[in-house]
Amino acid sequence: MFKKVLIANRGEIACRVIRACRELGIKTVAIHSEIDRGSMHVKLADQAICVGQATASESYLNIPSIIAAAEISGADAIHPGYGFLAENTYFAEVCEACGIKFIGPSKESIEQMGDKISAIKLMKRSGVPTIPGSDGPVNADDPKIFDIAKKIGYPVIVKATAGGGGKGMRIVASEETLRNTIIVAQTEAKAAFGNSDVYMEKCIEEPHHIEFQILGDKYGRTAYLPERDCSIQRRHQKLVEESPSPLVGEALRKKMGKAARNAATAVKYVTVGTVEFLVDKKDRFYFMEMNTRIQVEHPITEMVTGLDLVKEQIKLAAGEKLSIVSEKVKILGHAIECRINAEDPDKDFIPSPGTIGKLYLPGGPGIRLDTHVYSGYTIPPYYDSLIAKIIAFGSNRGESIAKMQRALREVEIEGIKNTSSLHSKIMSNEKFRRGSVNTNFLSKYIFE
Ligand code: MV4
């Protein structure tokens, strides 16, 4: 097992990893930017090293400085958290070259899953259901695009190969606009990503976003855990996640879990990751992408299974055998997570950095709070706006919602705006409470 882990991240996930390390008896090294000197993760760690100025490129993305911090402190492993360098193949490569264990999958897995088209091709070869599509880039000047689109079936969606998170996607309803849409999409992709490649897929209408946690050890064993429903998103940012999904019954869970496990096996996945699926109105599911990191929403899976996913991730990276057997994992209840952001809901959710005055955050039965903020803390404008995750755990969905509603009412943060009022609106929305929300929910029922 590692003796000392450097956490190459900040905020709530850095605190989360430090806590897991402490419980495993591992020493911790925090890195921080100049402006993060007073952050909670710096306070919680055994050691702290400043790696640069405030901007991410000078600090949390500054690979030479982070590697130097690991060497100075004698860290034998680096945990990248999520965001920043968590899915950076080059960073994983540099860690390996310097004899420092990267706590994540192999650089090959990161690279393979980072390339959308190669990921889909590998999944297709491995028997994982994929969205009917062009199986590679298309060109507006190729007359075959009309046959390809007709075979897929309209509406089709044109996606930028180098895109992601919804950027560079366009829907085509019929062949009249197909060629021009591809031309526009290629032009936009070139401008936005420096790569004009685009591909086509069947457009899955009003889909649900259902994802499965996967785990793997270096001996080839893999497992999946019960799903997370992440359909409530705003501009491709997840806001509310829950487990299990109100949409998924035991039979579908087994089918999707098996597919997720096949995906993990296909890439020889080690440590923890997530397989994202789109699910249509007829419960057909399709591989969307694989995320090769611990995710923001991992706590809801921890609450419903009783597992500690960050400890599992560290143990698997250290070469331990996977002890989890998918079929033996029980669902202990229902969990919902609300992401509280320092944003102003009355001003189109613009970031609301600033110094926190009085701070009241929830607790009590069934409420978990993952946060790094404290009264007097100054939220910097340089990083993402997530300030706290409230996780409510109940014996069933109704109880979990009731706990979340109670907890949201306890939130009081002076000095900055926050999004807890939006979550209260969602929790009291009839469509949400009935459990029938897909990815169009927010635009259709909350921001109408
Ligand atoms: C799709 C889709 C419908 N059909 N692909 C959005 C982000 C990126 N991960 C993929 N996304 C989508 N791809 C096909 N063939 C609908 C979306 C989509 C979406 C997916 C998951 C969660 C929220 C979403 C919001 C809008 C669109």
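Residues numbered from 1 in each chain as written. Predicted model: local features only at pLDDT ≥ 70, side-chain atom pairs only at ≥ 80, totals over all residues. Heavy atoms only, no water.

1. Some details on the overall build of the protein
- Of the regular secondary structure elements, the protein holds 15 helices and 23 strands.
- The globule rule puts the C-alpha radius of gyration for 448 residues at 22 Å, and the 22 Å found for the protein is close to it.
- The C-alpha extent of the protein, read off along each of the three principal axes, is 60 × 50 × 45 Å.
- Looking at the protein alone, contacts between residues at least 24 apart form 66% of all its contacts between residues at least 6 apart.
- Carbon and sulfur atoms form 51% of the exposed surface of the protein, whose accessible area is close to 18800 Å².
- If you average the places of the 60 positive and of the 55 negative side-chain charges in the protein, the two averages end up 4 Å apart. (Helix = DSSP H or I, 4+ residues; strand = E, 2+ residues; numbered from the N terminus. Rg over C-alpha atoms; globule rule 2.2 N^0.38 Å. Contact = heavy atoms within 4.5 Å. Areas by Shrake-Rupley, 256 points an atom, 1.4 Å probe, with all protein chains shown as cover. Lys, Arg positive; Asp, Glu negative; His and termini not counted. Charge placed at Lys NZ, Arg CZ, Asp CG, Glu CD.)

2. Quick look at the side chain of Ser134
- For Ser134, the position within the fold is in the loop between helix H6 (116-125) and helix H7 (144-152).
- A polar atom in the side chain of Ser134 sits 2.8 Å from the backbone oxygen of Gly136.
- Apart from residues lying up to four places away in sequence, Ser134 is in contact with Ile148, Ile152, Tyr199 and Met200. (Polar contact = N/O pair within 3.5 Å; in protein donor to acceptor, adjacent residues only side chain to side chain.)

3. Digging into the site of the ligand
- Lining the immediate environment of the ligand, one finds 17 residues, of which Lys159, Glu201, Lys202, Ile204 and Gln233 sit closest.
- A distance of 2.9 Å separates a nitrogen atom of the ligand from a polar atom in the side chain of Lys159.
- Contact distances for the ligand include 2.9 Å between a nitrogen atom and a backbone N or O atom of Ile204.
- Burial of the ligand by the protein chains amounts to 87% of its free accessible area of 530 Å².
- Elements supplying a minimum of two residues to the shell around the ligand: strand S6 (156-164), strand S8 (198-202) and strand S14 (285-291). (Near = heavy atom within 4 Å.)

4. Focus on unusual backbone geometry
- Put simply, Tyr154 and Pro155 share a cis peptide bond, and its omega is -5°.
- Position of Pro155 relative to the elements: it lies in the loop between H7 and S6.
- Positive phi values are uncommon outside glycine, yet Phe84 reaches one of about 40°.
- Along the polypeptide, Phe84 turns up in the loop between strand S4 (77-79) and helix H4 (89-97).
- For Asp348, which is not glycine, the phi dihedral falls at a positive 55°.

5. Concerning the packing of aromatic side chains
- The tally for this structure, following the rule as stated, stands at 10 aromatic pairs.
- Judged by centre distance (6.0 Å) and plane angle (65°), the rings of Phe212 and Tyr224 are edge-to-face. Residue Phe212 is found in strand S9 (residues 208-216), and its partner Tyr224 is found in strand S10 (residues 222-224); the two are separated by 12 residues along the sequence. Across this residue pair, the class does not change: Phe212 and Tyr224 are buried.
- The interplanar angle of 50° and the centroid separation of 5.3 Å between the aromatic rings of Tyr374 and Tyr377 together place this pair among those described as tilted. (Phe/Tyr/Trp six-rings, centres within 6.5 Å; stacked < 30°, edge-to-face > 60°. Buried < 20%, exposed > 50% of the residue type's maximum accessible area, 1.4 Å probe, protein only.)

6. A closer look at the sheet that holds strand S7 (residues 167-172)
- Read from one edge of the open sheet, 3 strands run S7-S6-S8, paired in antiparallel fashion. Edge positions in the sheet fall to S7 and S8, since each has one partner strand and no second. Sheet twist, expressed as the mean angle between neighbouring strand axes with direction ignored, is 25°.
- For S6 and S8, the ladder comprises 5 bridges, and the chain directions are antiparallel. Bridge pairing in S8 places Ile157 opposite Glu201.
- Sheet strands in contact with helix H8 (residues 178-193) are S6, S7 and S8, and its direction is about 15° off that of S6. (Pairing = 2+ DSSP bridges. Axes fitted to C-alpha atoms, helices over the stretch in contact; angles between N-to-C directions.)

7. Some remarks on the side chain of His79
- Note on placement: His79 falls in strand S4.
- Beyond its immediate chain neighbours, meaning those up to four positions away, His79 contacts Val5, Leu6, Ile7, Ala8, Val17, Ile103, Ile294, Val310, Gln313 and Ile314.

8. Section: the environment of Glu176
- Secondary-structure assignment places Glu176 in the loop between S7 and H8.
- Separated by 228 residues in sequence, Glu176 and Met404 have C-alpha atoms that sit 48 Å apart.
- Reaching out from Glu176, the side chain makes a polar contact with the side chain of Ser174 at a distance of 2.7 Å.

9. Overview of the sheet that holds S4
- The sheet built from 5 strands is open, its strands ordered S3-S2-S1-S4-S5 with parallel pairing. The sheet terminates laterally at strand S3 (47-52) and strand S5 (101-102), the two strands that pair on one side only.
- With 3 bridges connecting them, strand S1 (residues 4-7) and S4 associate as parallel partners. Across the sheet, residue Val5 finds its bridge partner in S4, namely Ala77.

10. Considering the pattern of salt bridges
- According to the stated counting rule, one finds 36 salt bridges in the structure shown.
- Notably, a salt bridge pairs Glu250 with Arg253, separated by 2.9 Å at the nearest N-O pair. Separated by 3 residues within a single helix, Glu250 and Arg253 lie in helix H9 (residues 250-266), roughly one turn from each other.
- By relative accessible area, Arg253 is classed as buried at 8%.
- Each of the salt bridges in this network shares a partner with another, and the network as a whole consists of Glu211, Arg228, Lys238, Glu241, Glu276, Glu297 and Arg339. (Salt bridge = Lys/Arg side-chain N within 4 Å of Asp/Glu carboxyl O.)

11. Remarks on the nonpolar core
- Residues Ile426, Met427 and Phe432 are the most contacted members of the largest nonpolar core, which totals 32 residues.
- Of all the secondary-structure elements, those providing two or more residues to this core are strand S12 (237-243), strand S15 (334-341), strand S22 (386-394), helix H12 (397-410), helix H13 (420-427) and helix H15 (441-446).
- Excluding anything up to four places from it in sequence, Met427 contacts Val240, Ile336, Cys338, Ile401, Met404, Gln405, Leu408, Phe432 and Arg433.
- Core analysis: the second largest hydrophobic core is formed by 29 residues, Ile7, Ile103, Ala223 and Val296 among them. (Core = buried A, V, L, I, M, F, W, Y, C linked by side-chain atoms within 4.5 Å.)

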